[in-house]
Each structure stands twice: as structure tokens, then as C-alpha cells.
Amino acid sequence: MPSLAVETRRFALRETFTISRGSRTHVMVVEARLTLDGVTGRGECVPYPRYDETPEGVTADIEAMRGALEGGLDREALQEAMPAGAARNALDLAFWDLEAKQTGQRVWELPAYAALGGAAPGPVPSCYTLSIDTPEKMRAAAEKNADRPLLKIKLGAGPEDMDRMAAVRAGAPNARLVIDANEGWSTADYEAHVPTLQSLGVELIEQPVHENDDAALAGIAHPVPLCADESCHTRASLDRLQGRYEIINIKLDKTGGLTEALALRAEAQKRGFGVMVGCMMSSSLGVAPAVLVAGGVQIADLDPPMLLGEDRDPPLGVDASAVSPPEPELWG
């Protein structure tokens, strides 16, 4: 049976990153390692305070599974043994990585991956995120990144939001734009902002209101498609999202791993939802499995390797617009 090791790692960002809930200069991740017969599989997760997670708490949750792992718990049984969230994600990804390394195959060559509807990955076009700042500084950031084809704009910081958007559009007149309010608006804010966002060519609005308030979204017009992020975790979320959102954002730290992420993608598409694949701010080890989920989806937001000041070795390959699948030395 595999032995378990758990470690917390810190990675600096190139610049301060700000969303409606606050700012950060670095990311804290928890890495789980499963070793069997000299072969080690790794998985990374990001404890997220929005979901009452901390590095200490997630580490303790992973450590609590040590006995079960030593008793033969496998990846399939893990799905019932732990709730969805960051801790299960780290272990689920470590299991996938371990199996790939044991068999000498890539994750996307494994029968279990194909059974969940997974396909061989390729480079994934990704958003590049501009964090919240003054309109003047956001225009400067947009000008600096105007050659990137798809920009994601963080909003939800008060009455200057539409000034921020106008500044971004002026700085990047040809870029496609999506926005993310991170639950920072009221329904009234959303209705007031939509005409301006339409006029600026915004293609998608991610999580405009708090998940506890999103029932109101079913009763108002959506001239710009709405994407559920904080409101969508696993397949169990989909029933309540029907009529409120047109698109869902799949993040492995919410689904509790690649296993549920693939199942969620298949079920969401079956029900007629569009799919966005995102990630928490993490290292390339945390983003790598999300690249496998993101092939062919409407929008991918996998830009942490573009935003980090330090990363794993080797990191994911990136260019101005896309993220490449991982090398086997990184994951999978």
C-alpha cells in the first residue's frame, strides 16, 4: 500500500493580485505524495478561505486518511471516503499520477480516464487575468497585455467597476473580454451594469452575486451569459443552477479532484450547460490536471503559470495565449 507524505509550499506572484475578497502576493499550496515500490505520485491543492479551508486544516484532513490509505483505500473509494474539496483533490491527483508512473503511461492513456470521457489533451487557449486596481492602472495593464486574445477582468470592488471596464476596453480595443465579479455585486448592481458590459463587448459574466442570492438570477434577463463559479462544485450542484446560469466553471479544488471534474463536465454538457475550466491560484503542478479537463470547452482560465514569480521545475509550457499539457516530470 502507498505511503503518504504531505507538505505545504509557498510560491511568490510576479505582482500583487487583487479580487473582490482581497489581495495576495503569494500562493500557499498543499502537496500530497503517494509512494509505492519506489514510485511517487503527486497532487497539489489550494486551501481556499472562501470555503473555510486553511493549509493547516487541509493538511490535517489529508493526514487523517493515512490509515485508510495504508489499509488499501484506492482512488475510487476515496470519492466516498472524503467530501469534495481541496484535501480530496490533492489525494485524487496523487493517485492518478501514481498510476500513470507505475504503468509508464500518461494519465490520458489510462482506461479509467477514457471511461470518464477524457480525451488526449493539446494546448489550451487561456484567459489572462487582470486584477482589480484603479481605472488608470487597469488601463495600463490592458495596454501591456493588449496582444493577448482573451482577457479576464476581475471586478466587484464598488462604484468604479464600469469605469474600470471602460478603461480596460480603451487599453485593449481588440481583445475578447470576460469578467469575474467573485460574488461582489448585488442583483441590482448586475442589472445596472449589464447594458454597459454589452456595449463594451463582454462575452461572459462570472459569478456576479453571492451563491446564496443567485436564485434571483433565474427571474431576470441574461443578455450576456452567466457562469457559475462559487455556486458550482460537483454534479450535485447542477440541479439548482438550471435557469440561473448558462455556463459552469469547473475547478478541481471544488470538485475534489480530476475524477469528479471529468464526471461533472460530462453531466453538465449532457444537461446543456456550457463549460469553463478554471483553477485556483496555484503552481503548475496544480494547474496541470485542469489542462486535461479543458480541451474543447468554451473558455479556459488556466493562467497562474503566466502570473507566478516562481514555479515548479519543470513548469507548464505557456505562451501569450495558451497553456500546454504537462511534461511527465511535472505530473501525469
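These lines cover the structure that appears in this document, whether it is placed above or below. (Residues numbered from 1 in each chain as written. Predicted model: local features only at pLDDT ≥ 70, side-chain atom pairs only at ≥ 80, totals over all residues. Heavy atoms only, no water.)

Before going further, it helps to examine the pattern of salt bridges. Applying the stated criterion across every chain, the model contains 26 salt bridges. A salt bridge links glutamate 63 to arginine 66; the shortest N-O distance between them is 2.7 Å. One continuous salt-bridge network, built from bridges that share partners, spans Glu7, Glu31, Arg33, Arg42, Glu44 and Arg312. (Salt bridge = Lys/Arg side-chain N within 4 Å of Asp/Glu carboxyl O.)

This paragraph deals with the nonpolar core. Judged by nonpolar contacts, the single largest core of 81 residues is most densely connected at Ile153, Met165, Ile205, Ile248, Leu258, Leu302 and Trp331. Looking at this core element by element, the count peaks at seven residues for helix 12 (residues 284-293). Here isoleucine 248 is in contact with Cys227, Ala228, Cys232, Leu238, Leu241, Leu264, Ala268, Phe273, Gly274, Val275 and Met276, once residues within four sequence places are set aside. (Core = buried A, V, L, I, M, F, W, Y, C linked by side-chain atoms within 4.5 Å. Buried < 20%, exposed > 50% of the residue type's maximum accessible area, 1.4 Å probe, protein only. Helix = DSSP H or I, 4+ residues; strand = E, 2+ residues; numbered from the N terminus. Contact = heavy atoms within 4.5 Å.)

In strand 11 (residues 274-277), alternate side chains face the same way, and those of Gly274 and Met276 on one face and Val275 and Val277 on the other are all buried. In this structure, strand 10 (residues 247-250) lies alongside strand 11, joined through four bridges in parallel fashion. Along strand 11, the bridge assignment pairs asparagine 249 with methionine 276. In this sheet, strand 12 (residues 299-300) lies alongside strand 11 in parallel orientation, the contact comprising two bridges. Considered in strand 12, the bridge of methionine 276 is made with isoleucine 299. (Pairing = 2+ DSSP bridges.)

So, on to the packing of aromatic side chains. This model, assessed by the stated rule, comprises two aromatic pairs. Ring geometry for tyrosine 48 and tyrosine 51: centres 5.6 Å apart, planes at 50°, overall tilted. Comparing tyrosine 48 with tyrosine 51 shows no difference in burial state: the two are buried. Taking 6.4 Å as the distance between ring centres and 85° as the angle between the ring planes, the aromatic pair formed by tryptophan 96 and tyrosine 113 counts as edge-to-face. Residue tryptophan 96 is located in helix 4 (residues 86-103), and its partner tyrosine 113 is located in helix 5 (residues 111-115); the two are separated by 17 residues in the primary sequence. For tyrosine 113, a relative accessible area of 0% puts it in the buried group. (Phe/Tyr/Trp six-rings, centres within 6.5 Å; stacked < 30°, edge-to-face > 60°.)

A few words now on helix 6 (residues 135-144). Within the span of helix 6, buried status applies to Pro135, Met138 and Ala142. On an axial view of helix 6, the arc spanned by its buried residues comes to 65°, and they lie on one face. Exposed side chains of helix 6 directed beyond 90 degrees from the buried face belong to Glu136, Lys137 and Lys144. Looking at the buried residues of helix 6, the elements they touch are strand 5 (128-130), strand 6 (150-154) and helix 7 (161-171). (Arc of directions from axis to C-beta.)

Here we come to the environment of leucine 308. Turning to its location among the elements, leucine 308 is positioned in the loop between helix 13 (304-307) and strand 13 (322-323). Each C-alpha atom of the pair leucine 308 and phenylalanine 11 lies 7.3 Å from the other, and the pair is 297 residues apart in sequence. When residues no more than four places from it in sequence are discounted, the contact partners of leucine 308 are Phe11, Ala12, Leu13, Arg14, Val27, Ser282, Ser283 and Ser284.

As a further point, take the sheet that holds strand 2 (residues 22-36). Here we have three strands laid out as an open sheet, ordered 1-2-3, and antiparallel in their pairing. Each edge of the sheet is formed by a strand with only one pairing partner; in this case those strands are strand 1 (3-19) and strand 3 (39-45). On average, each strand axis in the sheet is inclined to that of its neighbour by 25°, with strand direction left out of account. By the bridge criterion, seven bridges tie strand 2 to strand 3 in an arrangement that is antiparallel. Its bridge partner lying in strand 3, leucine 34 is registered against glycine 41. Seen against the sheet, helix 4 touches strand 1, strand 2 and strand 3 and runs at an angle of roughly 150° to strand 3. (Axes fitted to C-alpha atoms, helices over the stretch in contact; angles between N-to-C directions.)

Moving on: the packing of helix 4 against helix 11 (residues 258-270). Contact pair helix 4 / helix 11: the axes reach a minimum separation of 8 Å and the direction vectors enclose 95°. As judged from the angle between their axes, helix 4 and helix 11 are roughly perpendicular. Seen from helix 4, the contacting residues are Arg88, Asn89, Asp92, Leu93 and Trp96; seen from helix 11, they are Leu258, Thr259 and Glu260. Looking at the contact of helix 4 with helix 11, its residues break down into three nonpolar, two polar and three charged. (Parallel < 35°, antiparallel > 145°, perpendicular 65-115°, else oblique. Nonpolar A, V, L, I, M, F, W, Y, C, P; charged D, E, K, R; others polar.)

The next subject is the sheet that holds strand 9 (residues 226-228). The eight strands are arranged 5-6-7-8-9-10-11-12 in an open sheet whose pairing can be described as parallel. The sheet terminates laterally at strand 5 and strand 12, the two strands that pair on one side only. Against the sheet, helix 8 (residues 187-199) engages strand 7 (176-180), strand 8 (202-206) and strand 9, with an angle of about 160° to strand 8.

In this section: the layout of surface pockets. The space that makes up the largest pocket amounts to roughly 610 Å³. When residues of the lining of the largest pocket are traced back to their parent elements, those giving at least two are strand 1, strand 2, strand 6 and helix 13. By residue number, the principal contributor to the lining of the largest pocket is strand 2, which donates seven residues. Split into classes, the residues belonging to the lining of the largest pocket amount to 15 nonpolar, eight polar and twelve charged. Roughly 390 Å³ of internal volume is contained in the second largest pocket. Considering the residues around the second largest pocket, the lining is formed by 19 residues, among which Glu15, Thr16, Thr129, Ser131 and Ala141 are closest to the centre. Where the lining of the second largest pocket is concerned, the elements lending two or more residues are strand 1, strand 5 and helix 6. (1 Å grid on protein atoms, 1.4 Å probe; cavity = no way out; pocket = protein on both sides within 12 Å on 5 of 7 lines; lining within 4 Å. Points joined across faces, edges and corners; volume = space filled by probe spheres on them.)

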